Every structure is written in C-alpha cells, then in structure tokens.
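# Structure assessment
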Amino acid sequence: MRDSPSGGLRLAPFRGLRYAPDRVGSLAAVTSPPYDVVVRPDGLHHLQTADPHNIVRLILPEAADPAVRHHQAADTLRRWQAEGVLVRDPRPALYVYEQRRGDALQRGLIGALRLSPPEEGVVLPHEDVMPEVVEDRAALMRATAANLEPLLLSYRGDGTATGATAVVERAAARPPLLSTTTEDGFSHRLWAVTDPGELAEADRDLSGRQALIADGHHRWATYLRLRAEHGGSGGNGGFWDHGLVLLVDTARHPLRVQAIHRVLYGLPPSGALARLHGAFRARPVDGPLPRVLEALENVPGNAFLLAGDGAFHLLHDPDPALLARTVRDDRPELWRRLDATVLHSTLLGSVWRVPDHPAEIGYLHDAAAAVEQAERRGGTAVLMRAAVEETVRELARRGVTMPRKSTSFGPKPATGLVLRALEDGPADGGTADPGS
C-alpha cells in the first residue's frame, strides 16, 4: 500500500561510524540491546565487562551527575575515534541490516531519515512519551553530536521484491561488511549500498510511503526537539534535520509485538490487592511463570497478573461503572478497551494512585526480570499482554497515541553496528549534511 503522505519517507545515505574489527575483541562483544532494554544493573555490568569498548559506555554512561554522564560519553566517543576504535566509512551509504535466528528473518534499511512532525502523516507515533526521558536522551545527543542507535520504523510495502525491498534483497546476496552472532542467538549482517542507481530506486519507492514508529518514541521525540533547537525544519539538509532509523517492510518481514511489564516499586502485592475494593476480581493462580502467562492470554476483557510475593494473582472482570468513571470518553472505543489504558487510567490513576514517574514505576520487557525485580525491591510486578499490531496501526493512523510503553516491537536492532555522528564532533554548530 502506498500512503502518499506529504513528502513521504526520505532516507538519506550517510557515512557510518563503525567499530574497527581489529581493535575490539569481537563485534558481538561491543554491541548492546537498545538503551531502554538494558535496565538491570547486572545487565549493564555484563555488557561493560564484555569488552572495554562496549557501546553501553556511550548510550548508558555511569555517573551520579547527568551532565557528567553526558560529557563522559562525548569524551569517550572522541577518544575512540582518535584511537581508531570507531572508523568512519569512506562513502555515504544506506545500510542493509539483517537479523536472523532460526526461522526468524528480518531485513531493512538503515539511513538518515528526514524528520517530520506527526501532523505531516509521514512518521506515525503510537505511544506517549515521558518528558524526563526525552530530556536525558536530548542531553546525551547534544553532548555527543551523534545518533548512537537506530530507531525501528515499519512500513507496508507492496509485498513484492521491488523498490527499496529489491535493493535490500540484492544487497543481501553480496558479501557483507560485517557478520556476527550475539549471545541471544541472533546473527547480524550489514551491507553498504552506495550505487547511485540503487539509492535512487530506494528513494523513489520510500518517498510515497509512511511509517509507524515500532520502537524508539523517546528518541524520535528527541530528534524533533533537537531539530527545533537547531533551526527547525528548514530542509537545508543539516545533520539535525535527520535522524538514524532502521526501516523494515513488514509486508516482507512482519514484526513481533510483545508486552512491556510494569514494576511498582512502592506498592507490595498485598497492598495492591487490599486496595482493589471490588475494582477487579482477583484470584491466585499457580505457576510456573510460563503457565500463568499462558493463562493470562486466554482471559477475555481486561486482565493483568500481579507478582512479587512469591505467588501470582490474576486480576480480571473490572467493574464497568468504575471504567466508565475513570477512562476518558473522548477517545475511540478501541483505545478505551486497551489493557494499558485501563491499567494507567483506572488502576494506577484511580485505585492505586501510583504516579507514572521513573521513581515509582519501572518498565521491563522481560516478564521474569520484572518478577525478580519486584521480589528484590518489595514491589509489585504487573504483567501485561501484548497489543495487536493492527490495533496499534489503526490508532496511529487516527492520530491517537497509546499510553507510554504499551508495546514492544521486535526484533530490535542491535546497538553498536553503525553510528551516525557529525564529522566535526560536538563543537560543531550542526550544519553538516545528512552524510555526516
């Protein structure tokens, strides 16, 4: 399907900044999941010790003072370039990126996407964002003058190997720039597309399409903030007019949609259950975790699993009158029925009165990690079900955003395989072209 929004997707080639294989232990050892997936201190430590040049030292630098963290990342980026650990490719390119594990295969194009606000209908967000997270990511990008990890965007091609998809498939038949396998079992390969004819072929196809933000709403909001700070959307091709993305044609490579779970740090399960007062029915369910998650999937209507005290509790059958009072009625019924909507509007906002703030609520992609963190901190894990992709896409088309952290699309691109940075570094005023 060609959506033909104003301007369409304009994906520009750039000179990627990549690890020199002979300067690191292995490419797998310097990669990381996206910054918001690395949530546990032991996970961060594991990545830091995998290789002294692991990318987490740039995307998640450690220091008590945020300003110190961001400048530390900028200094590290400069040093690694000066030492030849990170080397810029000689020619601007779009990068074909492949992820494969077993029968799962995903391919897409990494490039510098022209930024556009939601009202243009080119890039569609589907989730709200947390201002404090956007500010943190913006401060990091300002300090480093770099896009350190690509967002994941999906678009619907024609289902045929034409246009951008043809460029991707032809590249995948050639020897790759790099190939590695990370400890999660995914193999990763990267190719550079520099041929002017192929770049033009991809551009003609993408320029009539729109994309859904599958993963990276906070980074997209950060891109837009920094573009505004550097002169807005003048279209002069400046570095801050573009942002690093991975575009995947989901007609060829459908994404998986998974849930993002919550951990309520200051509310133990006993307190959560005691405060229900008939808002939901609650009953204990027997583990282990995979069994209770399967049971959750089969419950009609809104439902959640609570954990954190060594047991599992199923919440189901919410009070219809309570939903009518607490869920706003100026949104589509599709939005009103979402589990995430009911959780945030009814349970968190009215019943439990837990502020949606990082000090109060943690967001984890892995259910077992959420349960473990809740048990360790004396809080409650709220285990969620995944939203349906078509629901996400339909709401996005209608300009309706879901509650923050409602979905987790994947597989997510590994961070560290290709970076985009200003050639003159952080001191530059931000006027370089997208190929920087």
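Everything below is about the structure shown above.
Cut-offs and rules
Residues numbered from 1 in each chain as written. Predicted model: local features only at pLDDT ≥ 70, side-chain atom pairs only at ≥ 80, totals over all residues. Heavy atoms only, no water. Helix = DSSP H or I, 4+ residues; strand = E, 2+ residues; numbered from the N terminus. Buried < 20%, exposed > 50% of the residue type's maximum accessible area, 1.4 Å probe, protein only. Polar contact = N/O pair within 3.5 Å; in protein donor to acceptor, adjacent residues only side chain to side chain. Pairing = 2+ DSSP bridges.

## A short note on the side chain of Gln-210
When you line up the elements, Gln-210 lands in the loop between α7 (196-206) and β11 (211-215). By relative accessible area, which is 16% here, Gln-210 ends up buried. Only 2.8 Å separates the side chain of Gln-210 from the backbone oxygen of Gly-121, close enough to count as a polar contact.

## Regarding the pairing of strand β5 (residues 104-114)
β5 sits mainly inside the fold: 8 of its 11 residues count as buried. Pairing geometry for strand β1 (residues 11-12) and β5, over 2 bridges, is antiparallel. For Ala-12, the partnering residue across the bridge sits in β5 and is Ala-112. Relative to β5, strand β4 (residues 94-101) runs antiparallel, the two being bridged by 7 bridges. The residue bridging Arg-100 from the neighbouring strand is Leu-105, located in β5. Taking the residues that link successive antiparallel strands as the turn, the β4-β5 hairpin has 2 residues, and the phi of Gly-102 there is positive, at about 60 degrees. Both β5 and strand β12 (residues 242-249) contribute to a ladder of 7 bridges, which runs antiparallel. Within the sheet, the bridge partner assigned to Ala-112 lies in β12 and is Leu-244.

Limitation: the analysis is restricted to geometry and does not speak to function.
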